[in-house]
Amino acid sequence: MSITNSRQLAEVQDAQSLTSSMAKPNISYLFSKIVQWPHLLELFVGGNLLAMLLALAEAQSWSNLVFEHVLGYMLYINWVLLSFAALMQYGQKKLQNLGLGMTLLSGFFLLQIIVLVTTLSLNILIFFGANFSFNGLTSAILWNDVALHLGYGLLLGSFCFRYLYLREQWFRQQNSELNARVQAMQARIHPHFLFNSLNNVICLIAIDPDKAEQMLLNLSRLFRASF
């Protein structure tokens, strides 16, 4: 094994340190880094596809599909997803102390609250925009379509949590592969490797001190990254 492999091993060790939290059984990666743009983009694309399907189901045919309805569904779902991602990121530290089951339950409950508050707020804004007054605002108007939108929340939650679950499974697989690589490289470090390396350094001191110094630095980096 060459000392120059220490750089590669150090990179593996750095990548492994990013996933070290997975070693703790009570910490879930499920909602971590959810606000990073690759994950948001995936949720955005999936949410818009879901909005298109809901609008198409309401229209029952492509010919009856109304662009305003599609846009309304898209804005609604994207708002819910962005709010959910922001709040989950904000409460990330508290969620880290929960198990996977409680994390899922908390996330699902939060998603339904966002759907409920958003629907009630929209009903109030629509009524006020049409009447420029809150007079005549009844509970029937306030709670209009709440049950329907909560049903959409169930559908959206199923989609969102399925995506997050698959992402966590992929992450766990990547983490296992990183651990296997590090363990394999650690297993290749034997006492005779250290003995031969030090002998090479001793020989180089008289010939090329700079190269000998670099070899010692590489050797130090290798063992620091390995243990």
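Cut-offs applied
Residues numbered from 1 in each chain as written. Predicted model: local features only at pLDDT ≥ 70, side-chain atom pairs only at ≥ 80, totals over all residues. Heavy atoms only, no water. Helix = DSSP H or I, 4+ residues; strand = E, 2+ residues; numbered from the N terminus. Contact = heavy atoms within 4.5 Å. Areas by Shrake-Rupley, 256 points an atom, 1.4 Å probe, with all protein chains shown as cover. Patch = residues over 30% accessible without salt bridge, like charges linked within 9 Å, V, L, I, M, F, W, Y side chains within 5 Å. Salt bridge = Lys/Arg side-chain N within 4 Å of Asp/Glu carboxyl O. Buried < 20%, exposed > 50% of the residue type's maximum accessible area, 1.4 Å probe, protein only. Core = buried A, V, L, I, M, F, W, Y, C linked by side-chain atoms within 4.5 Å. Axes fitted to C-alpha atoms, helices over the stretch in contact; angles between N-to-C directions. Left-handed = near helix turned anticlockwise from the far one by under 90°. Nonpolar A, V, L, I, M, F, W, Y, C, P; charged D, E, K, R; others polar. Expected span 1.5 Å × (residues − 1). UniProt positions renumbered as here; feature names shortened; annotations may be inferred. pLDDT = per-residue confidence, 0-100.

- Going by an unreviewed UniProt entry, the protein chain carries the name Signal transduction histidine kinase internal region domain-containing protein and comes from Acinetobacter johnsonii.

1. What to know about the overall build of the protein chain
Here is step 1 of the chain: Scanning the protein chain from N- to C-terminus turns up nine helices and zero strands.
Here is step 2 of the chain: In the protein chain, the proportion of contacts linking residues at least 24 apart, taken out of those at least 6 apart, comes to 73%.
Here is step 3 of the chain: Just so you have it, the protein chain exposes about 14,100 Å², and 66% of that area is on carbon and sulfur atoms.

2. Notes on a nonpolar patch on the surface
Here is step 1 of the chain: A cluster of nonpolar side chains, contributed by Trp 37, Leu 41, Phe 44, Val 45 and Leu 49, occupies part of the molecular surface with about 560 Å² of accessible area.
Here is step 2 of the chain: Looking at where Leu 41 falls in the secondary structure, it is placed in helix H2 (residues 37-59).
Here is step 3 of the chain: On the basis of relative accessibility, which here comes to 44%, the residue Leu 41 falls in the partly exposed class.

3. Side note on the nonpolar core
Here is step 1 of the chain: Formed by 23 residues in total, the largest nonpolar core has its most connected members in Ile 77, Val 80, Phe 84 and Leu 156.
Here is step 2 of the chain: For this core, the secondary-structure elements that each account for two or more residues are H2, helix H3 (67-90), helix H5 (100-131) and helix H7 (146-187).
Here is step 3 of the chain: Examining the composition of this core, we find that eight residues originate from one element, H3, more than from any other.
Here is step 4 of the chain: Every residue in contact with Ile 77, bar those within four places of it in the chain, is listed here: Gly 47, Leu 50, Ala 51, Leu 54 and Leu 156.

4. Looking at unusual backbone geometry
Here is step 1 of the chain: In this model, Gln 60 sits at a positive phi of 70 degrees, which is unusual for a non-glycine residue.
Here is step 2 of the chain: Considering the arrangement of structural elements, one finds Gln 60 in the loop between H2 and H3.
Here is step 3 of the chain: Looking at Gln 60, the relative accessible area reads 71%, which means it is exposed.
Here is step 4 of the chain: The backbone of Asp 145 sits at a positive phi, close to 65 degrees, despite the residue not being glycine.
Here is step 5 of the chain: Assignment of secondary structure puts Asp 145 in the loop between helix H6 (139-142) and H7.

5. Brief notes about the packing of H2 against H3
Here is step 1 of the chain: Orientation of H2 relative to H3, taken along the N-to-C sense of each, is 145 degrees, at an axis distance of 8 Å. Relative to H3, the crossing made by H2 is right-handed. Every residue of H3 that contacts H2 at Leu 40, Leu 43, Phe 44, Gly 47, Asn 48, Leu 50, Ala 51, Met 52, Leu 54, Ala 55 and Glu 58 is listed here: His 69, Val 70, Tyr 73, Met 74, Ile 77, Asn 78, Leu 81, Leu 82 and Ala 85.
Here is step 2 of the chain: Class assignment for the residues of the contact of H2 with H3 results in 15 nonpolar, four polar and one charged.

6. Points about H2
Here is step 1 of the chain: Relative to the 33 Å expected for 23 residues at 1.5 Å per residue, H2 spans 32 Å between its end C-alpha atoms, a close match to the ideal helical length.
Here is step 2 of the chain: One or two steps after H2, the chain reaches Gln 60, where phi turns positive at roughly 70 degrees.

7. Focus on the UniProt feature "transmembrane region" (unreviewed entry) in the protein chain
Here is step 1 of the chain: The UniProt feature table records "transmembrane region" (unreviewed entry) at residues 40-57, 69-88, 100-126 and 146-165.
Here is step 2 of the chain: Across residues 40-57, helical content stands at 100% and strand content at 0%; the span's end C-alpha atoms are separated by 25 Å.
Here is step 3 of the chain: Helix makes up 100% of residues 146-165 and strand 0%, whereas the separation of the span's terminal C-alpha atoms amounts to 27 Å.

8. Considering the side chain of Asn 78
Here is step 1 of the chain: In this structure, Asn 78 sits in helix H3.
Here is step 2 of the chain: Taking the relative accessible area as the measure of exposure, Asn 78 reaches 13% and is therefore buried.
Here is step 3 of the chain: Discounting chain neighbours no more than four positions away, the residues touching Asn 78 are Phe 44 and Asn 48.

9. Topic: the environment of Gln 112
Here is step 1 of the chain: Assignment of secondary structure puts Gln 112 in helix H5.
Here is step 2 of the chain: For Gln 112, a relative accessible area of 15% translates into the label buried.
Here is step 3 of the chain: Through-space distance from the C-alpha of Gln 112 to that of Gly 153 is 6.0 Å; in sequence the pair is 41 residues apart.
Here is step 4 of the chain: For Gln 112, the contacting residues outside a window of four places in its chain are Leu 150, Gly 153 and Leu 154.

10. Some remarks on the confidence of the model for the protein chain
Here is step 1 of the chain: Put simply, the protein chain has an average pLDDT of 76, and 80% of its residues get 70 or more.
Here is step 2 of the chain: Mean pLDDT across the secondary structure elements of the protein chain bottoms out at helix H1 (residues 5-18), with 47, and peaks at H3, with 86.
Here is step 3 of the chain: For residues 1-16, every residue scores under 50 in pLDDT, and the model assigns this stretch 33 contacts once sequence neighbours within four places are set aside.
Here is step 4 of the chain: Counted against residues more than four places away or in other chains, residues 18-27, with its pLDDT under 50, gives 14 contacts.

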